[in-house]
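Single-letter residue listing:
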Amino acid sequence: MEQTFIMIKPDGVQRGLVGEIIGRFEKKGFSLKGLKLLTVDQAFAEKHYADLSSKPFFNGLVEYIISGPVVAMVWEGKNVVTTGRKIIGATNPAESAPGTIRGDFAIDIGRNVIHGSDAVESAKKEIGLWFPDGVANWCGLSQIAVFLNLDE
Ligand code: GTP
Ligand code: MG
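Predicted, not measured: the structure shown is a model, and the values here were computed from it. (Residues numbered from 1 in each chain as written. Chains lettered and ligands numbered in written order. Predicted model: local features only at pLDDT ≥ 70, side-chain atom pairs only at ≥ 80, totals over all residues. Heavy atoms only, no water.)

K.L.:
What am I meant to see in the side chain of K9 here?
P.N.:
For K9, the position within the fold is in the loop between strand 1 (3–8) and helix 1 (10–14). No salt bridge forms around the buried K9; measuring N to O, its nearest opposite-charge neighbour D11 is 6.9 Å away. For K9, the contacting residues outside a window of four places in its chain are Y49, Y64, I65, V70, R102, N112, V113, I114 and H115. (Helix = DSSP H or I, 4+ residues; strand = E, 2+ residues; numbered from the N terminus. Buried < 20%, exposed > 50% of the residue type's maximum accessible area, 1.4 Å probe, protein only. Lys, Arg positive; Asp, Glu negative; His and termini not counted. Salt bridge = Lys/Arg side-chain N within 4 Å of Asp/Glu carboxyl O. Contact = heavy atoms within 4.5 Å.)

Pasting the structure below:
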């Protein structure tokens, strides 16, 4: 099944939008396969946005991404890459439609709340970078036992 990498950027976390954003993907019907809160360093952010390294806004973009914790997620479902981008909205919030995440919650292109992979290939690359150990399989009986506080 198709997967995409979604990251709530530091402004989204700081503004308390994590629940709202996760809710939109859940209510659409996609499945959450991996999730972690972490702060990345400069080298990691430069790797994630390597394709944009020649852009004039690159250094500012890296500073923004490392400025605080982000929520990194893997979401799964039919056409989740393309549909995820639609849920997120256009890169520049000035052009994102109301009803999209950026359209509803952002004003500046340099503080646009959320990242989503732009193609199936880049999704695979980004999931590999952010989740190098893979995403957990939470369906195992041993995990359920842990949730229920059982002994085994
Ligand atoms: P991501 O999901 O974050 O990858 O955004 P995107 O795919 O919609 O856009 P793109 O990959 O082209 O750019 C990555 C990020 O760089 C954007 O989300 C913005 O935060 C930032 N960015 C893109 N273009 C500009 C720009 O012209 N000025 C500034 N300040 N930031 C930009
Ligand atoms: Mg992009």
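K.L.:
Would you mind showing me how to read the UniProt feature "binding site: ATP" (unreviewed entry) in the protein chain here?
P.N.:
When the UniProt feature table is mapped to this numbering, "binding site: ATP" (unreviewed entry) covers K9, F57, R85, T91, R102 and N112. By relative accessible area, K9 is classed as buried at 4%. Its place among the elements puts T91 in the loop between helix 5 (80–88) and helix 6 (101–105). T91 gets classed as partly exposed once you look at its relative accessible area, which sits at 44%. When residues no more than four places from it in sequence are discounted, the contact partners of T91 are R102, I109 and N112. (UniProt positions renumbered as here; feature names shortened; annotations may be inferred.)

K.L.:
Sorry, what's going on with the confidence of the model for the protein chain here?
P.N.:
Confidence in the prediction of the protein chain, expressed as mean pLDDT, is 93, and 89% of residues score 70 or more. Per the prediction output, this complex has pTM 0.90; the corresponding ipTM is 0.95. (pLDDT = per-residue confidence, 0-100.)

K.L.:
Mind showing me how you'd approach the environment of S122 here?
P.N.:
Considering the arrangement of structural elements, one finds S122 in helix 7 (residues 120–130). Distance in space between the C-alpha atoms of S122 and T4 is 8.6 Å, their sequence separation being 118 residues.

K.L.:
Looking at this model, I keep getting lost on the pattern of salt bridges. Mind explaining?
P.N.:
Opposite charge on two side chains lets them pair, provided their charged atoms get close. The tally for this structure, following the rule as stated, stands at four salt bridges. Between E76 and K33 there is a salt bridge, with the nearest N and O atoms lying 4.0 Å from each other. With E76 in strand 3 (residues 70–76) and K33 in strand 2 (residues 31–38), this residue pair connects regions lying 43 residues apart in the sequence. Notably, a salt bridge pairs E121 with K124, separated by 3.6 Å at the nearest N-O pair. In this pair, E121 and K124 both sit in helix 7, three residues apart, roughly one turn of the helix. The class of K124 is exposed, set by a relative accessible area of 54%. Among the ionic contacts, a cluster of salt bridges with common partners joins E20, R24 and D104.

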